[in-house]
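# Coordinate analysis (summary)
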There are 2 protein chains.
Amino acid sequence: MIESRPKPAVDPRIERSRQVILQAALDELSESGYGSLTIESVARRAGVGKATIYRHWPDKIALIADAFKLLQQQRDPELVTGSPREKLERVLRHVADVVSDSPFSSCLPALIEGAERDRAVRRFHHHFQTEARKPTIALIADGIATGDFPPRIDPELAAFALLGAIFFCRLMTNAPFPEERVPTLIDTVFNSSG
Amino acid sequence: MIESRPKPAVDPRIERSRQVILQAALDELSESGYGSLTIESVARRAGVGKATIYRHWPDKIALIADAFKLLQQQRDPELVTGSPREKLERVLRHVADVVSDSPFSSCLPALIEGAERDRAVRRFHHHFQTEARKPTIALIADGIATGDFPPRIDPELAAFALLGAIFFCRLMTNAPFPEERVPTLIDTVFNSSG
DNA sequence: TCGTAGCGATACGTCAACGTATCATAAAGC
DNA sequence: GCTTTATGATACGTTGACGTATCGCTACGA
């Protein structure tokens, strides 16, 4: 039997522990934040012995980095169809929804803090955000090409403005960006419709 | 002598301690973040006895809240003149500058984290940001009234988009928003010029 | 069915920060 | 000058997290 991955027959207990611990770490990050997370509280929350955590991760930073990676992977991109304007609206509605209320949203302050303090977190945070932005930028470029959007705008800057407005609202005001306001936001930034 | 404020003749040592300690707290927030700040490290950095801090603040949260208040007050608003477009450009250049490199910028992640964890920090953070946004919104509304800006845009949303792009860049990418790109940002959001 | 190995629980010594108390020093105010 | 008072330094007991070690237990794989 030729198999490229011999499947090292990993003990399922290992993977189960990993998942339970990482999820508990995310819950802790959401509740206590980056600087106040402790291995012991994660272990308590996960219903796991401290030693089990140290078996899988050398230190707190490695655990947090893995937890954030899991968080990023949980943000599934949404496939949308329709006109560029319709696609953009759906994508931004989804972003507004996720940024308003989701595990990602509740961990966002801790993620920002983590990226500021730890090089590894910062690296994949920026990398992942860059990747997550690409479809939006491409969407805007498409819309310009088809004439749906004004021709002179800079797609990257437009994406910064649209996404930035939503994130800004979450972090700097007392109310998240309401999904229903997405069309008006697009109208404002693209100065279209009426 | 009639004086509305009798000046309670406060011992200058008290005010000096307050300032030194608050500045040290800001430095700690910038370096260690919200959750990892300790009273002892602030005392060490300020060259002050621990007891002096406890004499002035009941706990860590009160100290941090006061430190953030000082930080906000240090952001002096800039008075600008010229056409609405020129004024807006100068204001946004100033914002891009402050958000890229300043005590405010280096404390921003800690401020976001602090606002998430502590109700008092959150309240004045949101309040101050709302106040700081008002001139920009008014500026945009003025520009619409004078015909410098497109008539149909929502001034508040436009401000969210412009400011949001700058903050988004600081927090979600590996490079702060370059000041020189402010004109292009305005052009993109207002779809004007060429 | 049996040996292996990952597990939870627990105990351990270490360390750092907590918040309080004390004390001489020195600056402030009269 | 003399009293008051805020200060820096230091010591204190307490707490909680660190990271390691041990030990039955049991799910796994053969």
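Conventions and cut-offs
Residues numbered from 1 in each chain as written. Chains lettered and ligands numbered in written order. Predicted model: local features only at pLDDT ≥ 70, side-chain atom pairs only at ≥ 80, totals over all residues. Heavy atoms only, no water. Least-squares fit on C-alpha atoms with pLDDT ≥ 70 in both. Contact = heavy atoms within 4.5 Å. Salt bridge = Lys/Arg side-chain N within 4 Å of Asp/Glu carboxyl O. Helix = DSSP H or I, 4+ residues; strand = E, 2+ residues; numbered from the N terminus. Buried < 20%, exposed > 50% of the residue type's maximum accessible area, 1.4 Å probe, protein only. Buried area = accessible area lost by both parts, 1.4 Å probe. Polar contact = N/O pair within 3.5 Å; in protein donor to acceptor, adjacent residues only side chain to side chain. Nonpolar A, V, L, I, M, F, W, Y, C, P; charged D, E, K, R; others polar.

It is worth spelling out the relation of the copies chain A and chain B at this point. When chain A is fitted onto chain B, the two copies agree to an RMSD of 0.1 Å after a turn of 180 degrees and an axial shift of 0.0 Å. Expressed as a symmetry operation, the mapping of one chain copy onto the other fits a two-fold axis. The fraction of interface residues of chain A whose copies in chain B are also interface residues reaches 100%, indicating that both copies meet through the same surface.

So, on to the pattern of salt bridges. Residues and elements named next belong to chain A. On inspection of all chains with the given rule, the structure shows 28 salt bridges over all chains. In this structure, Arg 85 and Asp 187 form a salt bridge, with 2.7 Å as the shortest nitrogen-oxygen distance. With Arg 85 in helix H5 (residues 84–100) and Asp 187 in helix H9 (residues 182–190), this residue pair connects regions lying 102 residues apart in the sequence. Residue class for Arg 85 comes out partly exposed when judged on its relative accessible area of 21%. Between Arg 93 and Glu 179 there is a salt bridge, with the nearest N and O atoms lying 3.5 Å from each other. You can see Arg 93 sitting in helix H5 and its partner Glu 179 sitting in the loop between helix H8 (155–172) and H9, a full 86 residues away along the chain. One connected set of salt bridges, linked through shared partners, spans Arg 85, Glu 89, Arg 93, Glu 179 and Asp 187.

This brings us to the interface of chain A and chain B. Listed per partner, the contact involves 50 residues of chain A and 50 residues of chain B. Together, the buried faces of chain A and chain B total about 4100 Å²; carbon and sulfur atoms form 61% of this surface. For the pair chain A and chain B, the number of links is six salt bridges. Taking the shortest distance from any N to any O, the salt bridge between Arg 181 of chain A and Asp 154 of chain B comes out at 3.5 Å. Linking chain A to chain B there are 20 residue pairs in polar contact (both at pLDDT 80 or more). If you tally residues by element for the side of chain A that touches chain B, the top one is H8 of chain A, at 14 residues. Residues belonging to the side of chain A that touches chain B are distributed by class as follows: 23 nonpolar, 17 polar and ten charged.

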